[in-house]
Amino acid sequence: MSDNTAKLTMGDKSWDLKVRPGSIGPDVVDIASLYAQTGCFTYDPGFTSTASCESAITYIDGDEGTLLYRGYPIEQLAEHGDFLESCYLLLYGELPTKAQKDDFVHRVTYHTMIHEQMSRFFTGFRRDAHPMAIMVGTVGALSAFYHDSTDISDPHQRMVASLRMIAKMPTLAAMAYKYHVGQPFVYPRNDLDYASNFLHMCFAVPCEEYKVNPVLARAMDRIFILHADHEQNASTSTVRLAGSSGANPFACIAAGIACLWGPAHGGANEAALNMLSEIGSVDRIPEYIARAKDKNDPFRLMGFGHRVYKNYDPRARIMQKTTHEVLAELGIRDDPLLDVAMELEKIALNDDYFVEKKLYPNIDFYSGITLRALGFPTTMFTVLFALARTVGWIAQWKEMVEDPSQKIGRPRQLYTGAAQRDYLPISQRR
Ligand code: CMC
């Protein structure tokens, strides 16, 4: 490989392939012309070595444990900023000035209500429906209500759709929760900030006043910042792939929510808390560590390991601090699940299996304990992830749609099925 060329040799032929540098991070070998030149495809299931797009939004250095939104470290954004500021940054590339921030907050705030008829969608679901199932359905249904923001070729409509999505997601998530627990829906309140409004819509009831605790609202806001984007993860790639066909943004985000639901992705926070409950006490940890290491047992330590991070997930560190803050604010001195989590982390971080495979706690390891303390049932955990990730999905979708070189995503395959053969009438088949 020279400075900007890689050489591919097959038999007695060789080809030069362009090497493109990123601003930071690994270079990429541009193989877009490979098929035309060689008649071969590349093979990389799970995209372990393949960059699926060019992006200027989020950067992860998995070995160092670094996460940057538009160049800013997640630790600084979580410590000094708020979620809507991170939203602006992800969408537009720069931190807002005071006037830009005020305008953005105003525009998001005044899009929080949803069409009244949307509430009928909720009543069509069984009461015991998983809130993620409700989210997939209702977010997709937004495209049936907001026809004036589904023309993706119009920059104004794209902007309105982006704001609507960020603004309405907390309302839909809170409605999914309220429907799940059998309480009346609570309308958004424009005098509250983004996180406080969400907590209010979830936990207020018409028969008494609900005062939002500012410490808990700050924790909620920080959780939203930590989940806002994570470059080309499975759900973001799903949103991009759905969007590459020209589908409207509401439908694309619904596709992202469906992908996020899986336990290997966003569903891991729910699975991690269930696992901690199942372990139950510190003395049972060795049994579960042994199971996680057993090749014949499908069990994995949920909240451990990451495709990209081969170091401590920087979000997990902030999450752990937030967990302690929330528990202290709520006066929860002894949480048996937190004891199990901290001991499990200690043991795993010193165990050869986890050390060698570079399996560290990820964000989902501690988020479940915090969300449970805030009052959310486990079934809502992934919904909160979806709410926060919506801005990332939208920013990545917008970046793709605005890229003049964008084309429909259409992976190739290594076909290993039957070669062409002739149809046999049923009487001749054995
Ligand atoms: N517990 C025990 N062993 C593990 C674990 C785990 N949590 N994660 C990976 N391994 C082992 C795995 O068995 C494999 O071993 P071997 O090389 O001997 O076959 C090796 O580590 C590599 O695992 P992999 O599945 O090839 O790695 P991956 O990059 O495909 O998977 C992962 C990443 C996140 C899906 C996986 O680590 C996992 O299933 N973790 C538990 C689920 C979880 O916490 N997911 C949340 C991810 S963070 C939130 C988000 O961004 O969505």
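Quick caveat, the model's predicted, so the values are computed rather than measured.

**Points about the overall build of the protein chain**
Step number 1: In terms of helices and strands, the protein chain carries 18 helices and six strands.
Step number 2: The globule rule puts the C-alpha radius of gyration for 430 residues at 22 Å, and the 23 Å found for the protein chain is close to it.
Step number 3: Dimensions of the protein chain, computed from C-alpha atoms along their principal axes, come out at roughly 80 × 65 × 60 Å.
Step number 4: For the protein chain, the residues scored as buried account for 46% of the 430 residues in total.
Step number 5: The long-range fraction of contacts in the protein chain, counting pairs at least 24 apart against all pairs at least 6 apart in sequence, stands at 70%.
Step number 6: When the accessible surface of the protein chain is summed, it comes to about 21,700 Å², and 52% of that surface belongs to carbon and sulfur atoms.

**Considering helix 12 (residues 268-279)**
Step number 1: With twelve residues, helix 12 extends 16 Å between its outermost C-alpha atoms, agreeing within 8% with the 16 Å of an ideal straight helix rising 1.5 Å per residue.
Step number 2: Judged by how many residues are buried, helix 12 sits mostly within the fold: nine of twelve residues are covered.
Step number 3: Inspection of helix 12 places A268, N269, E270, A271, A272, L273, M275, L276 and I279 among the buried residues, and these make up the whole buried set.
Step number 4: Among the structural elements, helix 13 (285-293), helix 15 (336-349), helix 17 (363-374) and helix 18 (381-401) are those in contact with the buried residues of helix 12.

**Brief notes about the domain arrangement of the protein chain**
Step number 1: Domain parsing of the protein chain yields domain 1 (5-51) and domain 2 (74-405).
Step number 2: A separation of 35 Å is found between the C-alpha centroids of domain 1 and domain 2.

**Observations concerning the pairing of strand 2 (residues 13-20)**
Step number 1: Pairing of strand 1 (residues 5-10) with strand 2, which is carried by six bridges, proceeds in the antiparallel orientation. Bridge assignment links L8 to a residue of strand 2, and that residue is W15.
Step number 2: Between strand 1 and strand 2, which pair antiparallel one after the other, the connecting turn spans two residues, and G11 there sits at a positive phi close to 60°.
Step number 3: Sheet analysis places strand 2 next to strand 3 (residues 28-29), joined by two bridges and oriented antiparallel.

**Brief notes about the site of the ligand**
Step number 1: Near the ligand you find 20 residues, and of these H265, K295, L301, R307 and K357 are the closest.
Step number 2: F304 is positioned with one of its backbone polar atoms (N or O) 2.9 Å from a nitrogen atom of the ligand.
Step number 3: Taking Y353, its side chain carries an N or O atom lying 3.0 Å from a nitrogen atom of the ligand.
Step number 4: Its free accessible area being 940 Å², the ligand has 75% of it covered by the protein chains.
Step number 5: The class makeup of the residues in the shell around the ligand is eight nonpolar, six polar and six charged.

**So, the UniProt feature "active site" (unreviewed entry) in the protein chain**
Step number 1: Mapped onto this numbering, the UniProt entry annotates "active site" (unreviewed entry) at H306 and D364. Spatial clustering of the annotated residues is evident: they stretch over 59 residues in sequence, but the largest pairwise C-alpha distance comes to 10.6 Å.
Step number 2: Tracing the sequence through the fold places H306 in the loop between helix 13 and helix 14 (314-329).
Step number 3: Ignoring sequence-local partners within four residues, the contact set of H306 consists of H230 and R315.

**A short note on the pairing of strand 4 (residues 58-61)**
Step number 1: On strand 4, burial follows the alternation: T58 and I60 on one face are buried, whereas Y59 and D61 on the facing-out side are not.
Step number 2: As defined by bridge partners, strand 4 adjoins strand 5 (residues 66-69) across four bridges and the pair is classed as antiparallel. Within strand 5, the residue paired with T58 across the bridge is Y69.
Step number 3: Linking strand 4 to strand 5, which pair antiparallel, is a turn of four residues; within it G65 sits at a positive phi near 75°.

**Details of the packing of helix 8 (residues 194-203) against helix 9 (residues 214-227)**
Step number 1: Following both chains from N to C, one finds helix 8 and helix 9 inclined at 110°, their axes separated by 8 Å at the closest point. The orientation of helix 8 with respect to helix 9, classified from their angle, is roughly perpendicular. Of helix 9, the residues touching helix 8 (which contributes Y194, A195, S196, F198 and L199) are L216, A217, M220, D221 and F224.
Step number 2: When the residues that make up the contact of helix 8 with helix 9 are grouped by side-chain class, the tally is eight nonpolar, one polar and one charged.

**Focus: the pattern of salt bridges**
Step number 1: Counted under the stated rule, the structure contains 21 salt bridges.
Step number 2: Notably, a salt bridge pairs K211 with E209, separated by 3.3 Å at the nearest N-O pair. E209 carries the same exposure label as K211, and that label is exposed.

**With respect to the nonpolar core**
Step number 1: If you look at the biggest cluster of nonpolar residues, it comprises 116 residues, and the most contacted ones within it are F198, M220, L301 and F376.
Step number 2: For this core, the leading source of residues is helix 18, giving 14 residues.
Step number 3: Each residue touching F198, except ones within four places of it in the same chain, is listed here: P170, A173, A174, M220, F224, F376, L384 and L387.

**Section: the side chain of N362**
Step number 1: Of note, N362 is situated in the loop between helix 16 (352-356) and helix 17.
Step number 2: One polar contact links the side chain of N362 to the main-chain carbonyl oxygen of G305, over a distance of 2.9 Å.
Step number 3: At 3.0 Å, the side chain of N362 and the backbone nitrogen of D364 are in polar contact.
Step number 4: Excluding residues that lie within four positions of it along the chain, N362 makes contacts with G303, F304, G305, D313 and A316.

**With respect to the sheet that holds strand 6 (residues 72-73)**
Step number 1: Spatially, three strands are ordered 4-5-6 in an open sheet, and the strand pairing comes out antiparallel. Only two strands of the sheet have a single neighbouring strand rather than two, namely strand 4 and strand 6.

**Here we look at the side chain of S119**
Step number 1: Relative to the helices and strands, S119 is located in helix 5 (residues 119-123).
Step number 2: A polar atom in the side chain of S119 sits 2.7 Å from the backbone oxygen of E116.
Step number 3: Aside from chain neighbours lying at most four places away, what touches S119 is M175 and F185.

Calculation rules
- Residues numbered from 1 in each chain as written.
- Predicted model: local features only at pLDDT ≥ 70, side-chain atom pairs only at ≥ 80, totals over all residues.
- Heavy atoms only, no water.
- Helix = DSSP H or I, 4+ residues; strand = E, 2+ residues; numbered from the N terminus.
- Rg over C-alpha atoms; globule rule 2.2 N^0.38 Å.
- Buried < 20%, exposed > 50% of the residue type's maximum accessible area, 1.4 Å probe, protein only.
- Contact = heavy atoms within 4.5 Å.
- Areas by Shrake-Rupley, 256 points an atom, 1.4 Å probe, with all protein chains shown as cover.
- Expected span 1.5 Å × (residues − 1).
- Domains from an automatic or database assignment.
- Pairing = 2+ DSSP bridges.
- Near = heavy atom within 4 Å.
- Polar contact = N/O pair within 3.5 Å; in protein donor to acceptor, adjacent residues only side chain to side chain.
- Nonpolar A, V, L, I, M, F, W, Y, C, P; charged D, E, K, R; others polar.
- UniProt positions renumbered as here; feature names shortened; annotations may be inferred.
- Axes fitted to C-alpha atoms, helices over the stretch in contact; angles between N-to-C directions.
- Parallel < 35°, antiparallel > 145°, perpendicular 65-115°, else oblique.
- Salt bridge = Lys/Arg side-chain N within 4 Å of Asp/Glu carboxyl O.
- Core = buried A, V, L, I, M, F, W, Y, C linked by side-chain atoms within 4.5 Å.

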